[in-house]
Structures are given as C-alpha cells and as structure tokens.
Amino acid sequence: MKTKLLSALLLLCCFGALAILSGAIPVLAEEESVAAGDFYATEEVAVPTEIITAVPTPTYLATPEAANELEMEVSPTPEATYVPTPTPVPEATPVPAMPDWSLDTTVLSTTVTGDILNNGTDYQVDVSALLTEELSLTLPAEGYQILIMHTHGTEAYTPEGDDVYQATAEYRTTDINYSVVRVGQALADTLSAYGLRVLHDTELYDYPSYNGSYARSGEAIEAYLAENPGIALIIDLHRDALGEGDTIYKTVTQAAGETVAQIMFVMGSDVNLSHPNWRENLTLALTLQQTVATRYETLMRPTTLCDYRYNQQLTTGSLLMEVGTAGNTLQEAITAVQLFADAVAPTLLSLVE
C-alpha cells in the first residue's frame, strides 16, 4: 500500500515538472505576484495607435520666409502685370456753335460818307470855325493820360472763323475776348506802343442789366478821375447797329490794303441836360476825325451830334466812339482801331505837357 502511494506521489511530481517545463503552469516572479482576488488576463492588450489628422499642404503662404521655416513648397506668386496709369487728357474746350440768329441774317456792306458832321440837334454848328480853334486838351507828362472804357461792353460782332462766341443775346456776349472790350484792348495796345499811357477798363456796365449802364459807367469815370486826376482823354468805345428786320449793314472801307470797319464819333450836347462844355468835346472829335482822314480818307464816318450827354459832361476830353456795326467782324474792328491809333498818336503826343 505504501509502495503504491509512493509511486503515485512520484508520478505526480513527474507530471508537475513536465508541466512547468512546457509552460502550462506560469512561474510568477516575486514582483509580479497577483494579489488574492485579482484576475490576470492572458490576452495581449492592444496598444492604441496615435491618430494624426492630416493637414493639407497650403498652396500659398504669406511670405517665402514662413514657408522655408515649415519646409513647405510655396506656389509661385504670379508676377504683377504693369499697367501704366494713363495721363489724364484735358477736355477740349468746346467750340461754341454758330448762333442761330446769325444764320438767318443777311449782311450787306456799305461805306458811309458825307459831310463832316451829321447834326441831329437844332443847334447851328459852324464846323469850319470849330476846326480852326485850338484844342484845350493837354496830356500830363506823368501818370495815366487816357482812359478807354465800355458802357456797353457786351456789344459784339458777326461771328466768323475762330471768332465764335457764346451769345447772351443777338450780337452780344459777356466773353470780353470777342466783344468791343477786345477792340478796346487793341486800341490801348497800339496807343501804348507810341508811348502814351493808357488805362483800359474792361468792366461790363450793361450786364446783367442794360438799363442804367450810363449811370454805372459815369460813377466809374468819376472814381477813375479822383484816383488819376491826370487822365485827360476818355474814350467810351462801342459798336453801332444798322439795319432792319433780317438785313443788317456792315460799314467797311479799304485802308492800308485791308478791308476794315469804319469808325464814328457820337457826341453829346446840352439840349436836355446841363453840358456847358460840349463844344470843346465836339471840337476834339472833329479835329481827330480830320487827322485820320488825311491818312485814311474813309476810315471815319461823319461825326453825329445828339441831344444826349453820354457822360461827356464829366470832362472836356470825352469821346464816344462806334467801331463798325453788328455786321462787321471782330477782326475788321480790331484792324480799324489799330489804323486809327496810328493816325492820331502823333497829334496826341503833341498835346503832352
């Protein structure tokens, strides 16, 4: 019995040893001992894989330096196409259209001749006696000597060539480059070239209101005389208007080989208002008219004597001068005053004291 028990124990020990050697029964290290009640898993525990969210490679970075730091490829920035800034072209000044009223007008040329004086008053005037009188006019050696102005400065001429203007009314414009003001400037320039000292007033006294023009220009004359007491000759330069209906006349003559406008003096009297020295003004006008006639026979039309004063009562050297008519062109008028100045300049210089 003991032999059988011993054999059984020995057999059991052999099987145990074989089990340990084969790994069927694990041998636990001391530090890996499992406390009572713990479960020791024999399955391999899966280690979780790190999840990386892919970041798309940018196709554009703000700067190449930033791309180099991230070692990324930078899509080349398209080269800017140079578009030059165009130089602004100034708008062309529009050429004024030909006034409609001038298209329906018939312009006829005429040369006005006749006696030296066209007397529109009831006074008896001895022209010959006046022409023998010595002029009372003297021009100072210093300061302004002559004033040229325009009571009706908007008066203009028939448009032609480049002399087309924006009209404010028939044959009227506020553009002084195309009105009688431009003619006055030509007269002032020519007289000045001879050494005479001329003041040219370019103010428009007939715009925006025509009524009261002479009152306004008269106030201006008094102001000029107060500031420049040496002014002895005052020329109020206008243009005439001749015609009826759709027909107008241009007064022309041949002078110095050119077709030019004719010029006329219009002189006042004391028929209606006080003008004690009107004969002195008339003598000056007739004398200058005859002076021009010796050089350009028909440049001057007969002087007209009227019932009104035209501010001529303010000095004894005041003249109202009509240069051409509405039918004349601006260039005909400009040439006329240049020839007029050429003729009278020597006489005026002789009056300087």
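This text follows the structure it describes.
Residues numbered from 1 in each chain as written. Predicted model: local features only at pLDDT ≥ 70, side-chain atom pairs only at ≥ 80, totals over all residues. Heavy atoms only, no water.

Student: What is the right way to look at helix 6 (residues 213-227) in this model?
Tutor: For the α-helix, the turn length of 3.6 residues means that residues three or four positions removed from each other point alike. End to end, helix 6 covers 21 Å across 15 residues, agreeing with the expected 21 Å (1.5 Å per residue, within 8%). By the burial criterion, the buried members of helix 6 are Ser213, Ser217, Gly218, Ala220 and Ile221. The arc that holds every buried residue of helix 6, seen down its axis, measures 160°, which confines them to one face. Those residues of helix 6 that are exposed and aimed more than 90 degrees away from the buried face are Ala215, Glu219, Ala226 and Glu227. On the buried face of helix 6, the contacting elements are strand 3 (146-149) and strand 5 (233-240). (Helix = DSSP H or I, 4+ residues; strand = E, 2+ residues; numbered from the N terminus. Expected span 1.5 Å × (residues − 1). Buried < 20%, exposed > 50% of the residue type's maximum accessible area, 1.4 Å probe, protein only. Arc of directions from axis to C-beta. Contact = heavy atoms within 4.5 Å.)

Student: In this structure, what is going on with unusual backbone geometry? I would like to understand it.
Tutor: Only a minority of non-glycine residues have a phi that is not negative, and only a minority of peptide bonds are not trans. Across the junction of Tyr207 and Pro208, the peptide omega takes the value 10°, indicating a cis bond. Locating Pro208 in the fold gives a position in the loop between strand 4 (198-200) and helix 6. For Ala256, which is not glycine, the phi torsion reads 55° and is therefore positive. Note that Ala256 resides in the loop between strand 7 (247-255) and strand 8 (258-261). For Asn311, which is not glycine, the phi torsion reads 70° and is therefore positive. Counting through the fold element by element, Asn311 comes out in the loop between strand 10 (303-305) and strand 11 (318-325).

Student: Would you mind showing me how to read the sheet that holds strand 4 here?
Tutor: Sheet strands line up and pair through hydrogen bonds in the backbone, either parallel or antiparallel. Sheet architecture is open: 7 strands sit in the order 2-10-9-11-5-3-4, paired in mixed fashion. The open sheet has two edge strands, strand 2 (117-119) and strand 4, and neither has a second partner. Strand-to-strand twist of the sheet, defined as the mean angle between neighbouring strand axes without regard to direction, takes the value 25°. Relative to strand 10, strand 9 (residues 263-267) runs parallel, the two sharing 2 bridges. For Met267, the partnering residue across the bridge sits in strand 10 and is Leu305. Across the face of the sheet, helix 8 (residues 330-349) comes into contact with strand 3, strand 5, strand 9 and strand 11 while running at roughly 150° to strand 11. (Pairing = 2+ DSSP bridges. Axes fitted to C-alpha atoms, helices over the stretch in contact; angles between N-to-C directions.)

Student: Sorry if this is basic, but what is going on with the pattern of salt bridges here?
Tutor: A side chain with one charge may pair with a side chain of the opposite charge, provided their charged atoms come close. For the coordinates displayed, the defined rule picks out 3 salt bridges. As a salt-bridge pair, Arg301 and Asp240 come within 3.1 Å of each other at their nearest N and O atoms. Taken together, the residues Arg301 in the loop between helix 7 (278-293) and strand 10 and Asp240 in strand 5 connect sequence positions 61 residues apart. A relative accessible area of 6% means that Arg301 is categorised as buried. Across the pair Glu332 and Lys250 runs a salt bridge, and its minimum N-O distance is 3.0 Å. (Salt bridge = Lys/Arg side-chain N within 4 Å of Asp/Glu carboxyl O.)

Student: So what exactly am I meant to see when it comes to the pairing of strand 7 here?
Tutor: Every other side chain in a regular strand lies on the same face of the sheet, so the side chains alternate between the two faces. By the bridge criterion, 5 bridges tie strand 1 (residues 106-110) to strand 7 in an arrangement that is parallel. In the sheet register, Val107 faces strand 7, and the bridge partner there is Ile248. Strand direction decides the pairing type here: strand 6 (residues 243-244) and strand 7, joined by 2 bridges, are antiparallel. Looking at strand 7, one finds that Glu244 is bridged to Thr247. Between strand 6 and the antiparallel strand that follows it, strand 7, lie 2 residues; Gly245 among them carries a positive phi value of about 65°. With 4 bridges joining them, strand 7 and strand 8 adopt antiparallel strand pairing. When the bridges of strand 8 are listed, Gln254 appears paired with Thr259. The turn joining strand 7 and strand 8, which pair antiparallel and follow one another in sequence, is formed by 2 residues; a positive phi near 55° is taken by Ala256.

Student: Explain the nonpolar core here, please?
Tutor: One finds Leu187, Met321, Val323 and Phe340 to be the most contacted residues of the largest nonpolar core, which totals 54 residues. Looking at which element gives the most residues to this core, the answer is helix 8, with 11 residues. Here Phe340 is in contact with Leu187, Ile263, Phe265, Val292, Leu299, Met300 and Met321, once residues within four sequence places are set aside. By size, the runner-up hydrophobic cluster in this structure holds 8 residues, among which are Leu147, Ala220, Ile221 and Ile231. (Core = buried A, V, L, I, M, F, W, Y, C linked by side-chain atoms within 4.5 Å.)

Student: Looking at this structure, I do not really get a nonpolar patch on the surface. What am I missing?
Tutor: Residues Tyr194, Leu349 and Val352 make up a contiguous nonpolar surface patch of roughly 220 Å² in combined accessible area. Here Val352 is to be found in the segment after helix 8. You can call Val352 partly exposed: its relative accessible area is 31%. (Patch = residues over 30% accessible without salt bridge, like charges linked within 9 Å, V, L, I, M, F, W, Y side chains within 5 Å. Areas by Shrake-Rupley, 256 points an atom, 1.4 Å probe, with all protein chains shown as cover.)

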